[in-house]
Amino acid sequence: MSIVTVQLGQCGNQIGFEVFDALYTDSHCPQGLCSKRENEAYQASCKERFFSEEENGVPVARAVLVDMEPKVTNQTLSKAAQSGRWKYGQHSCFCQKQGSGNNWAYGYSVHGPRHEESIMNLIQKEVEKCDSLSGFFIIMSMAGGTGSGLGAFVTQNLQDQYSNSLKMNQIIWPYGTGEVIVQNYNSILTLSHLYRSSDALLVHENDALHKICAKLMNIKQISFSDINQVLAHQLGSVFQPAYSVEGSCHYRRNPLGDLMENLVPHPEFKMLGIRNIPQMSENSLAYSTFTWAGLLKHLRQMLISNSKMEEGIDWQVRPPLSGLPTLGKASLNRGLHFNMSIANLVILRGKDVHSADLGGFKDSALYTSWLEPINAFNVWKTQRAFSKYEKSAALVSNSQFLLKPLDMIVGKAWNMFASKAYIHQYTKFGIEEEDFLDSFTLLEQVVASYCNL
Amino acid sequence: MTQSVVVQVGQCGNQIGCCFWDLALREHAAVNQKGIYDEAISSFFRNVDTRVVGDGGSISKGKICSLKARAVLIDMEEGVVNEILQGPLRDVFDSKQLITDISGSGNNWAVGHKVFGSLYQEQILEKLRKSAEHCDCLQCFFIIHSMGGGTGSGLGTFLLKLLEDEFPEVYRFVTSVYPSGEDDVITSPYNSILAMKELNEHADCVLPIDNQSLFDIISKIDLMVNSGKLGTTIKPKSLVTSSAGAVKKQHQKPFDAMNNIVANLLLNLTSSARFEGSLNMDLNEISMNLVPFPQLHYLVSSLTPLYTLADVNIPTRRLDQMFSDAFSKDHQLIRADPKHSLYLACALMVRGNVQVSDLRRNIERLKPSLQFVSWNQEGWKTSLCSVPPVGHSHSLLALANNTCVKPTFMELKERFMRLYKKKAHLHHYLQIEGMEESSFMEAVSSLSGLIEEYNQLDATKSMPVEDFPRLSIAV
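Residues numbered from 1 in each chain as written. Chains lettered and ligands numbered in written order. Predicted model: local features only at pLDDT ≥ 70, side-chain atom pairs only at ≥ 80, totals over all residues. Heavy atoms only, no water.

Enquirer: How should I be thinking about the sheet that holds strand E7 (residues 171-178) of chain B in this particular structure?
Expert: In a beta sheet, neighbouring strands are held together by backbone hydrogen bonds and run either parallel or antiparallel to one another. Residues and elements named next belong to chain B. Taken in spatial order, the 6 strands line up as E5-E4-E1-E6-E7-E8 in an open sheet, and their pairing is parallel. Every other strand in the sheet has two partners, leaving strand E5 (98-100) and strand E8 (205-210) as the edge strands with one partner each. If you compare each strand with its neighbour and ignore which way they point, the axes differ by 15° on average. Packing against the sheet, helix H4 (residues 109-133) makes contact with strand E1 (3-9), strand E4 (71-75), E5 and strand E6 (138-146), and its axis sits at approximately 165° to E5. (Pairing = 2+ DSSP bridges. Helix = DSSP H or I, 4+ residues; strand = E, 2+ residues; numbered from the N terminus. Axes fitted to C-alpha atoms, helices over the stretch in contact; angles between N-to-C directions. Contact = heavy atoms within 4.5 Å.)

Structure follows, in structure tokens:
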């Protein structure tokens, strides 16, 4: 089954390019460490999901590029075309002349309705090229105007028009110390709207990705391109084909459906995060070897202590002893906070996957009481190595990991809202104070729900 | 991509404007090696086939034929505009885009605003409509003028109301040169205060500049150039004050160095909208992020570096120095000390070989020494444009919405009150039809209101930051 990707705004388009590039590069990587037949099945599955084919054999990304001003999409289209290996469809791009000005209201209330038909038509065309549709992958940032506002609008439309298809939104959480001054407003408006219309929110934080570039990849002058490549690597390790059952001979066919089924058991809890291990520069890779035991031990502790990468993990954090009553409402300010999970999915790729022991993840102490570990935890495997890593493990988690960042954004937005700063910029385009209040109410509810796990 | 139209009014406005167009051509020539008319150039220039008679000569693609500035030149005296039209830039201006008169406004806001305003209203509208028609998607009007005189101040602000009514969706960015303390125009306080009311009510964003600050910057540079220190040869094109490599090759006129600084300000302001980068910032984002309340739209600007030394290697320390300088009071384009006042919002627009990690590192480093208002503690807006300005490998424009503008306004009000109490020169204004004492009173009250807003914000400076109680949800 295929996934149609919608890339929105500067962030969405810049990331989208890196994602397709990473997927393509990996699927054509010569060091697959598996049999030729295996490799071909992998390539074919990846292609079915993400690329369609043109007459001259060049794969075309199953993507629609949307932006309200032309600079970024022009750049993205030409970068892909220049690579000579894959490209975007000639008519898959919709752009306008004037951007959304970092204004969620403008993206949602002005650009949305104005360009609804054109954008949905483009998406429809892309859907028609698929034999069968797994769903939509929407890449957008929360801080700006187009990705956030228009992204929320488009997701709503997708819910109306394709009610049987799944929608996963890849959201970029901005740096804590501003990229955009009104980013907190834009973020809460986006999150509250997406919570109603999306099926799952896959969140990546710029701060976390930045740290990975600095500490693990050893990059001195980090550019957005570096950050996007780390992100693309993480997404690739999740979305590339894998088997769900030992001894199965077909790759799983419905990537989005499988992810949702495993990870989103309850609509109140939709926020997912990815951890990936190992992650390092190519130079370091040549000198490193790993065992599954070591990788999984680190990954488990990363989950429990809410660490974003394999360096600086807090090994003091332990899950609560089973049998004892939980410590009541988790305090957001408490130091040693254990990260409670609702559901986890581990994806293992590479040499000797069958030997990996995942007992540590099946501990019921890691999970809320309303799901048995057998339902809360799943594992997918494939022998085919991912992107030059002999062994790599990815964890997709529905847990409390975003609780603190979410609470912070809501707090900052609330403080700004209380002083009424910038509100006139939103009311100008039809987003009133009540809309803000609705968003705050919904998100406080989400914060409370995650807090009380 | 969008277009912008520059409206230059009065002697000061036109002189600055002239420098702007000169440097804009230089910048695009450096970037656009192939001579193709692309979207970046089209933001400020039209491409015209001059062989075609009349107006139908616009070419939208292909090779550059003849570039025409998207500008309207207005002056009630002919001297400056004539000089422009006879100078080396004459081909850049469309002769139909001018409005001139002979007598001038006599340094009288009322003459500029009321007399010439009504006299030339139709013509002005016509020229503006024409320039708008030539644009595919007009985003912004840049108005350049001075506050202390008669034409720039009076007619320049008359324009604002016209623009607001005729083109309500197009942004109005105003670059205003405020009179310095030693200004030789006696009535400049009257003109400035009357103009301020219009700026308060009809401008989207104002970039105040004052001549003294520009002059101080030039003195600093001269000191550097003439210091004769070893290894301090400065790349001529990199001087923020120079027009080396531009069209106007002749000996620079006295105000040219200062005007070039303002011209560079406008170029850097629009660079991220015209050229590509990893984090773009369009003009509508400036207003969105930097104007938290409609009246507080005065932005203090600073440009760094002022020059680049000839040695090529730029170590990180120098890059960080650029960021530090942007916040020092010596680099601001008006007399202001942002570090000791309260920030409402701050934008950092970086050009050239700078990446997001450099930005983040410097924000983290400088944040502790700056005070931000309680509801905007992380009030930073950033942009990264890949194309550096001519002669530099990187540059930074900082725009601050900061209470440090208050002293400028308070001084202006004081100078005004000194004159007004004695009714000095008032009759020159009151004899103009439509002007009454109440016009003055209203203008002062408008300014007082603005100052009071800044006062209230300043009062919160030393108060501890408290979080507002959040909504409590029944679980």
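Enquirer: In this structure, what is going on with the packing of aromatic side chains? I would like to understand it.
Expert: Here the distance between the centres and the angle between the planes together describe a pair of aromatic rings. Within this structure, the stated rule accounts for 50 aromatic pairs over all chains. Between phenylalanine 269 of chain A and tryptophan 370 of chain A, the ring centres sit 5.7 Å apart and the planes meet at 35°, which makes this aromatic pair tilted. Residue phenylalanine 269 of chain A is found in the loop between helix H9 (255-263) and strand E10 (271-277), and its partner tryptophan 370 of chain A is found in the loop between strand E11 (341-350) and helix H12 (373-376); the two are separated by 101 residues along the sequence. Here tryptophan 370 of chain A falls in the partly exposed class, since its relative accessible area comes to 43%. When the centroid spacing of 5.4 Å and the interplanar angle of 20° are considered together, the rings of phenylalanine 417 of chain A and phenylalanine 436 of chain A count as stacked. Separated by 19 residues along the polypeptide, phenylalanine 417 of chain A in helix H13 (residues 403-418) and phenylalanine 436 of chain A in helix H15 (residues 433-451) bring together distant segments of the chain. Across this residue pair, the class does not change: phenylalanine 417 of chain A and phenylalanine 436 of chain A are buried. Taken together, Phe20, Trp21, Phe44, Phe45, Phe93, Phe142 and Phe173 of chain B form an aromatic cluster joined through their ring pairs. (Phe/Tyr/Trp six-rings, centres within 6.5 Å; stacked < 30°, edge-to-face > 60°. Buried < 20%, exposed > 50% of the residue type's maximum accessible area, 1.4 Å probe, protein only.)

Enquirer: Looking at this structure, how should I read the domain arrangement of chain B?
Expert: By convention, interface size is frequently given as the accessible area that disappears when the constituent parts associate. Residues and elements named next belong to chain B. In terms of domain boundaries, chain B breaks down into domain 1 (3-48 + 64-225 + 256-407) and domain 2 (408-460). Computed from C-alpha coordinates alone, the two centres of domain 1 and domain 2 are separated by 25 Å. Contact with domain 1, which involves 36 residues of that partner, is made by 35 residues of domain 2. On the domain 1 side of the contact with domain 2, Tyr190, Ile193 and Lys406 bury the most area, a combined 26% of that side's loss. For the pair domain 1 and domain 2, the number of links is 1 salt bridge. Where lysine 406 meets aspartate 458, a salt bridge forms, and the shortest distance between an N and an O atom there is 3.0 Å. Viewed at the interface, domain 2 and domain 1 are joined by 19 residue pairs in polar contact (both at pLDDT 80 or more). If one sorts the elements of the side of domain 1 that touches domain 2 by residue count, helix H6 (residues 188-202) sits on top with 9 residues. For the side of domain 1 that touches domain 2, the class distribution of residues is 20 nonpolar, 12 polar and 4 charged. (Domains from an automatic or database assignment. Buried area = accessible area lost by both parts, 1.4 Å probe. Salt bridge = Lys/Arg side-chain N within 4 Å of Asp/Glu carboxyl O. Polar contact = N/O pair within 3.5 Å; in protein donor to acceptor, adjacent residues only side chain to side chain. Nonpolar A, V, L, I, M, F, W, Y, C, P; charged D, E, K, R; others polar.)

Enquirer: Explanation requested: the interface of chain A and chain B in the structure shown.
Expert: Contact with chain A, which involves 51 residues of that partner, is made by 55 residues of chain B. Here chain A packs against chain B, burying approximately 4,500 Å² in sum over the two surfaces, 52% of which is carbon and sulfur. The partner of glutamate 444 of chain A in a salt bridge is arginine 470 of chain B, and the shortest N-O contact between them spans 2.6 Å. Where chain A meets chain B, there are 33 residue pairs in polar contact (both at pLDDT 80 or more). Sorting the residues of the side of chain A that touches chain B by element identifies helix H1 (9-27), helix H3 (70-83), helix H8 (224-239), H13, helix H14 (423-427) and H15 of chain A as the ones contributing at least two each. When residues in the side of chain A that touches chain B are grouped by element, the largest group, 8 residues, is from H13 of chain A. Its residues assigned to classes, the side of chain A that touches chain B comprises 18 nonpolar, 24 polar and 9 charged.

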